[in-house]
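Next come the chains, spelled out residue by residue.
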Amino acid sequence: MSKHPIVRALPWALVMGSALPACGGDDLARPPGACESGLLVGDLVITEIMADPPGADSGREWFEIYNASATEFDLRGLVLLHSREDSTDANVHEIGRSLTLGPDDYAVVGGLLDDEDVLAVVPYIDYGYGGDLGDMRNSAGRLVVACGDEIIDEALYNDPTPNHSRSFTGDRAPDANANDDLSLWCDSSSEIDAEGFGTPGASNDICVGTGGPVSCIDNGVLREARAPEAGDLVITEVLSDPAAAEDDSAEWFEVRVNADIDLNGLAIGKQSSFEDAEPVTGNDCVPALAGTRLVFARSADSELNGGLPNVDIEFGFSLNQSDNQVVLSYGNLLVDTFPYGSSSPGVAHNLDPDFENTDDNDDERYHCDATSTYGAGDFGTPGAPNTECEIPPPEGQCLDGESFRDIVRPQPGDLLVTEIMANPEAAGEESESEWFELRATADFDLNGLELGTEEGKPRDVVEATECLSMGAGDHVVVARETDPAINGGLPVVDATFGFALTNSNGALWIGSGGTTLDLVTWASVPAGASRSLDASITDPGANDPDEVWCEGLEPFGDGDLGTPGAENPVCGGIPTGTCLDGGRERDLVRPAVGELVITELMPNPAAVNDSEGEWFELLATANVDLNGLRFGDDPADAPSRDNSLPAGGDCISVSAGERVILARNADTMANGGLPEVVGTFSFGLVNGGGALFVGMGDEVIDDITWTGSAAGVALTLDPMAEDAVSNDDPANFCAATEPYGDGDLGSPGAQGAACGGGGGGDGMCDDGGMPRAIVAPTVGDLVITEVMPNPSAVADSSGEWFEVLVTADVDLNGLEFGDTPGAPDGTLASGGACIAVTTGQRLVFARNADAMANGGLPAVDQTFSFDLVNGGDDLFVGVDGMVLDQISWSSSSAGTSISLDPAAEDVVANDDAANFCAGVDPYGDGDLGTPGSVNPAC
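Residues numbered from 1 in each chain as written. Predicted model: local features only at pLDDT ≥ 70, side-chain atom pairs only at ≥ 80, totals over all residues. Heavy atoms only, no water.

Draft legend 1. Molecular detail of the overall build of the protein chain. Regarding its fold elements, the protein chain presents six helices and 68 strands. Oriented by its inertia axes, the alpha-carbon framework of the protein chain measures out at about 130 × 75 × 50 Å. The buried share among the 938 residues of the protein chain stands at 50%. The long-range share in the protein chain, meaning contacts at least 24 apart out of those at least 6 apart in sequence, stands at 63%. Of the roughly 38000 Å² that the protein chain leaves accessible, carbon and sulfur atoms contribute 48%. (Helix = DSSP H or I, 4+ residues; strand = E, 2+ residues; numbered from the N terminus. Buried < 20%, exposed > 50% of the residue type's maximum accessible area, 1.4 Å probe, protein only. Contact = heavy atoms within 4.5 Å. Areas by Shrake-Rupley, 256 points an atom, 1.4 Å probe, with all protein chains shown as cover.)

Draft legend 2. Structural view of unusual backbone geometry. A positive phi angle, close to 55°, is found at Asp89, a residue other than glycine. Structurally, Asp89 is set in the loop between strand E4 (79–83) and strand E5 (91–94). Exposure remark for Asp89: the relative accessible area of 44% places this residue in the partly exposed category. For Asp159, which is not glycine, the phi dihedral falls at a positive 45°. For Asp159, the position within the fold is in the loop between strand E10 (150–158) and strand E11 (166–168). Accessibility expressed as a relative area gives 58% for Asp159, which makes it exposed.

Draft legend 3. View of empty space enclosed by the protein. A full pass over the atoms with the stated rule returns five cavities of 30 Å³ or more. Approximately 70 Å³ is the volume found for the largest cavity. Its residues assigned to classes, the lining of the largest cavity shows four nonpolar, four polar and four charged. In this structure, the second largest cavity occupies an estimated 50 Å³ of space. Around the second largest cavity, the lining residues are Met50, Pro53, Pro54, Arg60, Trp62, Val122, Tyr124, Ile192, Asp193 and Gly196. For the lining of the second largest cavity, a count of residues per class yields seven nonpolar, one polar and two charged. (1 Å grid on protein atoms, 1.4 Å probe; cavity = no way out; pocket = protein on both sides within 12 Å on 5 of 7 lines; lining within 4 Å. Points joined across faces, edges and corners; volume = space filled by probe spheres on them. Nonpolar A, V, L, I, M, F, W, Y, C, P; charged D, E, K, R; others polar.)

Draft legend 4. Here's a closer look at the confidence of the model for the protein chain. For the protein chain, per-residue confidence averages 88 on the pLDDT scale, and 92% of positions sit at 70 or higher. The spread of mean pLDDT over the elements of the protein chain runs between helix H1 (residues 12–15), the lowest at 37, and strand E16 (residues 252–257), the highest at 98. Across residues 1–33 the pLDDT falls below 50, and counting only partners more than four positions away or on other chains, this stretch makes 71 contacts in the model. Per-residue pLDDT stays below 50 along residues 757–761; that stretch engages in twelve contacts with residues further than four places along the chain or on separate chains. (pLDDT = per-residue confidence, 0-100.)

Draft legend 5. A look at the environment of Gly565. Assignment of secondary structure puts Gly565 in the loop between strand E40 (549–551) and strand E41 (578–581). Expressed as a C-alpha distance, the spacing of Gly565 and Leu490, which sit 75 residues apart in the sequence, is 8.7 Å. Not counting the four nearest positions on each side in its chain, Gly565 is found in contact with Glu437, His475 and Val477.

Draft legend 6. Looking closely at the sheet that holds strand E52 (residues 699–706). The strand order across the open sheet built from four strands is E47-E46-E51-E52, with neighbouring strands paired in antiparallel fashion. Every interior strand has two partners, whereas the edge strands, strand E47 (643–644) and E52, have only one. (Pairing = 2+ DSSP bridges.)

Draft legend 7. Just the sheet that holds strand E63 (residues 842–846), in detail. With mixed pairing, the six strands of this open sheet are ordered in space as E64-E63-E58-E57-E67-E68. Among the strands making up the open sheet, the edge pair consists of strand E64 (862–863) and strand E68 (916–918).

Draft legend 8. Structural context of the state of the cysteines. Counted according to the given criterion, the structure contains seven disulfides. Each sulfur in the disulfide pair Cys398 and Cys467 lies 2.0 Å from the other. Its torsion about the S-S bond being 95°, the disulfide of Cys398 and Cys467 is classed as right-handed. Highlighted residues: Cys398 in strand E27 (residues 397–400) and Cys467 in the loop between strand E33 (460–461) and strand E34 (469–470), separated in sequence by 69 residues. (Disulfide = S-S within 2.5 Å.)

Draft legend 9. Representation of a negative patch on the surface. Taken together, the side chains of Asp354, Glu388, Glu390, Glu402 and Glu466 define an acidic patch exposed on the protein surface. As for its position among the elements, Glu388 is in the loop between strand E26 (367–369) and E27. A relative accessible area of 52% places Glu388 in the exposed class. (Patch = residues over 30% accessible without salt bridge, like charges linked within 9 Å, V, L, I, M, F, W, Y side chains within 5 Å. Salt bridge = Lys/Arg side-chain N within 4 Å of Asp/Glu carboxyl O. Lys, Arg positive; Asp, Glu negative; His and termini not counted. Charge placed at Lys NZ, Arg CZ, Asp CG, Glu CD.)

Draft legend 10. Up close: the environment of Asp205. Note on placement: Asp205 falls in the loop between strand E12 (185–187) and strand E13 (215–218). A residue is classified by how much of its surface remains accessible, and Asp205, at 6% relative accessible area, is buried. The spatial distance from the C-alpha of Asp205 to the C-alpha of Ile898 is 46 Å, given a sequence separation of 693 residues. With near-sequence residues (within four places) excluded, Asp205 lies in contact with Ser167, Phe168, Thr169, Gly170, Ser188, Ser189, Ser190, Thr199 and Asn283. Within polar-contact distance, the side chain of Asp205 engages the side chain of Ser190 at 2.6 Å. (Polar contact = N/O pair within 3.5 Å; in protein donor to acceptor, adjacent residues only side chain to side chain.)

Draft legend 11. Seen up close, the side chain of Asp336. With respect to the helices and strands, the residue Asp336 is situated in strand E24 (residues 333–340). Of the buried charged residues, Asp336 lacks a salt bridge, with Arg256 as the closest side chain of opposite charge at 11 Å. There is a polar contact of 2.8 Å between the side chain of Asp336 and the side chain of Asn361. Discounting residues that sit within four places of it in the chain, Asp336 has contacts with Leu233, Val234, Ile235, Val326, Val327, Leu328, Thr358 and Asn361.

Draft legend 12. Examining the pattern of salt bridges more closely. Evaluated as defined, the whole model comprises 29 salt bridges. Across the pair Asp445 and Arg405 runs a salt bridge, and its minimum N-O distance is 2.8 Å. Highlighted residues: Asp445 in strand E31 (residues 444–445) and Arg405 in strand E28 (residues 403–406), separated in sequence by 40 residues. On the basis of relative accessible area, Arg405 is assigned to the partly exposed category, the value being 23%.

Draft legend 13. Looking closely at the pairing of E28. The sheet contact formed by E27 and E28 spans four bridges and is antiparallel. Each residue of the ladder has a partner; that of Gln397, found in E28, is Asp406.

Draft legend 14. Structural detail: the packing of aromatic side chains. Within the structure shown, the criterion is met by 23 aromatic pairs. Look at Tyr66 and Tyr106: their rings are 5.0 Å apart centre to centre, the planes differ by 45°, and that puts the pair in the tilted class. Residue Tyr66 is located in strand E2 (residues 62–67), and its partner Tyr106 is located in strand E7 (residues 106–110); the two are separated by 40 residues in the primary sequence. Tyr106 carries the same exposure label as Tyr66, and that label is buried. Here the aromatic rings of Phe253 and Phe315 are separated by 5.4 Å at their centres, their planes lie at 40°, and the arrangement is tilted. (Phe/Tyr/Trp six-rings, centres within 6.5 Å; stacked < 30°, edge-to-face > 60°.)

Draft legend 15. Spatial organisation of the environment of Gly377. Looking at the element boundaries, Gly377 is found in the loop between E26 and E27. With 209 residues separating them in the primary sequence, Gly377 and Phe168 have C-alpha atoms 46 Å apart.

Draft legend 16. The arrangement of the pairing of E24 in detail. Among the eight residues in E24, six count as buried, and that is most of the element. Note: strand E23 (residues 324–330) against E24, seven bridges, orientation antiparallel. For Asn324, the partnering residue across the bridge sits in E24 and is Tyr340. What sits between E23 and E24 in their antiparallel hairpin is a turn of two residues, with Gly331 showing a positive phi close to 60°.

Draft legend 17. Representation of the side chain of Asn361 within the structure. By secondary structure assignment, the location of Asn361 is in the loop between strand E25 (349–351) and E26. The class for Asn361 is buried, based on a relative accessible area of 0%.

As structure tokens, then:
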């Protein structure tokens with residue numbers, strides 16, 4: 001009902017026989033009907049109406065008037081009117097005494113006489129108009145406040161709820177236009193006393209309304225409410241049939257929050273029409289932060305609700321035990337729906353954590369029974385991450401990351417059988433250690449691949465929920481068992497099979513949908529060695545003749561011979577003379593004596609076990625191919641005892657000056673953090689002294705010996721002795737000084753430091769092949785700006801770090817660091833390649849360079865091995881015994897760095913502990929700090 005800014009005349013003639021005079025007049029001698037001069041339309045707002053109070057209506061009805069202006073008014077002379085909704089049957093009353101109302105204040109006027117009886121019955125009433133307005137109608141009515149002939153405000157009400165006042169929503173300033181909108185009025189929820197509800201003389205309760213509350217009160221301050229949108233809240237778990245406690249107390253559901261919102265106005269129900277929706281009410285903000293999980297329950301009492309760990313919101317309706325849903329809405333917006341089927345007593349419906357979004361939680365394929373108990377023994381994870389579900393993919397699909405996709409089926413020609421181990425000896429049982437290998441020539445999935453011993457008759461099918469994707473050139477190992485402790489020590493298993501491979505007159509069939517992809521047969525197989533397809537054969541139609549198969553030569557795992565998961569050798573054990581270069585066949589360029597030089601070796605790694613971390617480096621002095629290269633500890637041994645690179649297949653080319661690494665393990669996560677590995681070996685490099693050779697056929701290309709090794713330190717050849725003669729002298733090898741990977745010392749894949757000092761002489765370093773003088777830092781050039789002594793996301797021994805700001809272009813060669821000046825715990829190489837840094841760089845020194853283990857640090861520039869003591873310690877950086885910068889701390893907080901204010905980034909100001917404060921920005925796995933970035937101001 002719109003009335004403003006139009007001013008209408010009151011129907012005084014209907015109730016008093018004549019019109020009342022206009023506003024104005026002296027405050028001490030007013031004519032009847034006069035009121036405070038200057039009172040304008042909208043200065044007063046009717047904000048709350050108690051039309052149907054507890055008990056008898058007469059004398060206990062009241063309504064509330066708010067001063068919306070910036071002026072204090074005396075309401076004496078103000079006219080109050082009550083009528084039917086259509087303005088008929090009007091009754092009026094003129095306020096006959098002084099009643100002062102300041103800005104933003106409320107006045108409550110009621111139906112008792114204006115005397116002491118008012119305070120005795122309804123103490124919150126400021127003025128009593130007696131019986132002048134009559135009893136308010138309990139169905140609908142109209143209230144007016146007027147000054148003379150001008151309506152200052154009017155309000156309608158419909159169907160008041162007994163014992164509850166109707167109040168204009170408290171989430172916005174009272175306004176004489178806005179209160180015409182009846183959707184902004186609601187029943188009060190605050191108790192006046194044991195019988196009635198309302199907020200007379202105070203801010204009103206916030207109405208949810210059709211669009212949700214505009215504002216809420218946050219620590220006493222009215223602020224804008226943050227409304228949820230679709231996707232901000234996801235229902236993730238429902239317990240509709242508790243067993244440990246009664247349903248009406250112990251039913252609950254869980255909601256994951258994906259954005260910072262307020263729950264005020266969020267409605268909970270079971271019907272998509274929202275007809276049964278129960279809104280979250282109250283004036284105080286009910287915030288919910290992104291990443292949290294909220295528990296909505298029938299009761300917050302842990303003695304009654306089955307021992308729920310925490311309840312955020314209570315609700316009043318019952319959850320159907322099966323075939324129903326929970327609905328979240330806000331105004332007319334559907335926020336989320338969670339349908340669920342049959343329930344098991346005491347077991348929650350659990351949404352798989354990989355599908356916690358508003359689309360996927362509608363699909364019951366992603367639901368499963370909870371398996372963890374809580375509280376009194378029911379199953380569920382209220383308020384905590386959910387249980388992983390075994391999710392069956394749709395027919396013909398597999399799980400790729402977090403979504404299903406169609407399986408890519410292999411077609412004829414997409415794969416071939418390349419190796420068969422039918423008669424293993426090293427492991428205990430053939431039934432556990434048989435295996436075969438396939439080579440992919442196209443991209444496809446293994447899911448649904450058919451395996452058998454007769455064409456067209458599958459005995460096994462590769463089944464997996466996840467997509468088992470293969471790329472062209474990949475080798476696939478299919479074995480009887482996945483456990484390397486019983487399968488002969490296979491390095492990898494991609495799929496399993498259950499039938500036996502016969503040692504004689506055997507066959508192996510691979511198919512897809514009944515279509516043959518490859519079929520191989522054999523008359524017999526060797527004992528303890530695989531039947532290996534020549535590496536040059538890449539066509540599934542060419543692996544039928546016996547002459548393209550031979551015995552495996554390279555030992556693996558527990559000692560059987562074969563190359564499971566790797567390129568096969570060319571049958572015959574020596575290069576055939578050709579290789580494939582970009583798919584085209586060409587002659588091999590075999591290395592001659594002196595064209596490969598052993599330049600570095602790691603016999604005794606400390607960061608990982610010897611069997612994982614041993615390696616050696618070769619320098620090529622000419623452009624050659626490594627196909628068929630042999631390597632071992634004794635060139636007199638039979639080739640079958642040595643290791644070798646594939647003799648055929650793709651060309652393994654190296655250029656003059658290139659360095660390659662051969663290692664016990666090619667996995668950088670397991671081998672101590674090596675760069676790319678060109679090939680692996682299975683023999684050991686003896687810590688106390690041994691021999692190593694590389695050769696081609698019966699020819700030795702280079703060999704070396706050593707007499708001992710230090711733990712975690714490679715033996716590196718002096719750059720001035722990088723030839724196949726000089727490296728025969730162990731004196732030309734020395735201990736490496738530069739850390740790599742997980743912290744051992746060496747320069748795998750790069751030239752090592754000179755054994756006598758800097759590159760080219762004392763005080764010199766190698767700058768891209770040219771020696772130059774080292775630019776040593778001086779005091780003020782390096783500033784310690786941040787330290788993490790006490791990580792929380794990972795162990796101290798993996799996650800400690802500190803940051804150094806570079807304020808000048810210098811070299812770090814010879815840099816010392818530790819907790820005791822004069823006794824450094826770490827020193828960078830003083831010679832070799834120049835370690836140049838530039839002004840403004842922030843260097844991260846860490847206990848571990850692996851982001852998967854160190855708490856998610858950005859790129860680590862240098863590792864260290866000493867402890868940063870949580871309860872207080874010193875830290876310095878220096879060069880040649882001179883301290884360049886030093887800081888100290890007396891305590892630290894778990895998971896929080898000690899961060900220098902950017903305004904104090906110099907070597908004097910960082911001596912003052914007051915210039916440091918706790919890090920506040922999360923990084924990596926969740927600890928707080930800014931490694932490698934500018935710190936926030938303290």
